[in-house]
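# Inside the fold
Here is what each chain is made of, one letter per residue.
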Amino acid sequence: MAANENGKPIDFCTLGMFIIDDIYPPKNAPDRTPKTNIIGGAGTYSAIGARLLSPPPRSNSVGWIIDEGTDFPPELGSTIASWQTSVLIRPRDALTTRGWNGYAANEHRAFRYLTEKKRLTADDLTPDLLRAKSFHLICSPTRCVELTSRILDRRRAAELERSVVIWEPVPDLCTPEELNNTYKALAHVDVISPNHEELGALFGFSHELDVDKAAIEKQTNKLLARGIGPTKDGAVVVRAGKEGCFVANLDTRKWLPAYHKDPTKVIDPTGGGNGFLGGLAVGLVRCDGEIVEAARWGSVAASFCIEQVGMPTLTTVVATATCTDELWNDESVTDRLTEYRDRTS
């Protein structure tokens, strides 16, 4: 159960961070003007990915945490409030976590913190957030084990069943030296989702100019052979940029294309993978764990996240007596998901 009569229902919660980003486009970009004070962070993008597929009143089933520093721009707060999520905003007597993002022509991102980061732990979860049906973690293998163990301990104490855990490995520790630790962490999660470069790096493999799908499938099989999740029937979802994603568990192997077929629709890839995982998470919760359908939700969520610098824009809300339909970037998320489902079924 993700809620009881004393708490609100939460379908998704991320322990990724909120970061205010400064983004510097690649040298070959048509517009090289830096963009500053941009809402960002892996936690934020995963939350917006879940939110895109959660129109009100379900928008309040998306849980996340912001540590609001003394320099927090008020206009960012107004935007976040318009999403109507169950965000926990905690004032902090320090600067907000800020980051510098630079891109090369091949979409490779360089990142560094500009201020001290405020990392989240399982003990930061309020009783409502602890009840979440799914959790998104972005961390090292060792920390993944620590976080999932602590979440499970707290949920047991609260008489809550185990929830879905989606793990996004951090790029810096996707190395052959961390492979054994990665294998150990697999038992603690339901889905592991590296991108194709991170997956390759775990096995000392580097993609050339093109994505090597055969290598991805071979490396995925090595992870699956170790068993994912407490019952060893979890999934690997490899995010492969313009090539889409590879979805695999014990019963399924399937490539899904990226939503956007036109590369000019992709303005900034920042956060696309995180947004994908937010959409994937709520898809798993609401589609009875069907991993391919959940990956479709993730692909659609990612498609909105990469159409601009920063967050997609909630442009129109149409409320009826029975539901609320929304336009993000002037398009319906529901219509886009329907079209993508038809294209990939």
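The sections below set out a description of the structure shown in this document. (Residues numbered from 1 in each chain as written. Predicted model: local features only at pLDDT ≥ 70, side-chain atom pairs only at ≥ 80, totals over all residues. Heavy atoms only, no water.)

## Digging into the packing of aromatic side chains
- What the rule picks out here adds up to six aromatic pairs.
- Centroid distance Phe246 to Trp255: 5.2 Å. Interplanar angle 35 degrees. Geometry classified as tilted. The pair formed by Phe246 and Trp255 is uniform in burial state, with each residue classed as buried.
- The cationic tip of Lys213 hangs over the ring face of Trp255; the distance from NZ or CZ to the ring centre is 4.6 Å.
- Here Arg336 stacks its cationic end above the ring of Phe304, 3.8 Å away from the centre of that ring. (Phe/Tyr/Trp six-rings, centres within 6.5 Å; stacked < 30°, edge-to-face > 60°. Buried < 20%, exposed > 50% of the residue type's maximum accessible area, 1.4 Å probe, protein only. Lys NZ or Arg CZ within 6 Å of the ring centre and 35° of its normal.)

## Remarks on the packing of helix α1 (residues 42-52) against helix α8 (residues 272-286)
- At a minimum axis distance of 6 Å, the contact between α1 and α8 shows a crossing angle of 45 degrees. Between α1 and α8, the angle is such that the two are oblique. Between α1 and α8 lies a crossing of right-handed hand. Along its contact with α1, which presents Ala42, Tyr45, Ser46, Gly49 and Ala50, the element α8 presents Asn274, Gly275, Gly278, Gly279 and Val282. (Axes fitted to C-alpha atoms, helices over the stretch in contact; angles between N-to-C directions. Helix = DSSP H or I, 4+ residues; strand = E, 2+ residues; numbered from the N terminus. Parallel < 35°, antiparallel > 145°, perpendicular 65-115°, else oblique. Left-handed = near helix turned anticlockwise from the far one by under 90°. Contact = heavy atoms within 4.5 Å.)

## As for the environment of Tyr183
- Of note, Tyr183 is situated in helix α5 (residues 179-186).
- Residue classification places Tyr183 among the buried residues on the basis of a relative accessible area of 13%.
- Once the C-alpha coordinates of Tyr183 and Lys8 are considered, the two residues, 175 residues apart in sequence, prove to be 35 Å apart.

## Regarding the sheet that holds strand β2 (residues 19-24)
- Here we have four strands laid out as an open sheet, ordered β3-β2-β6-β7, and mixed in their pairing. Two strands in the sheet have a free side with no partner beyond their single neighbour: β3 (35-40) and β7 (109-113). Strand-to-strand twist across the sheet, computed as the mean angle between neighbouring axes with direction ignored, equals 30 degrees.
- With four bridges connecting them, β2 and β3 associate as antiparallel partners. (Pairing = 2+ DSSP bridges.)

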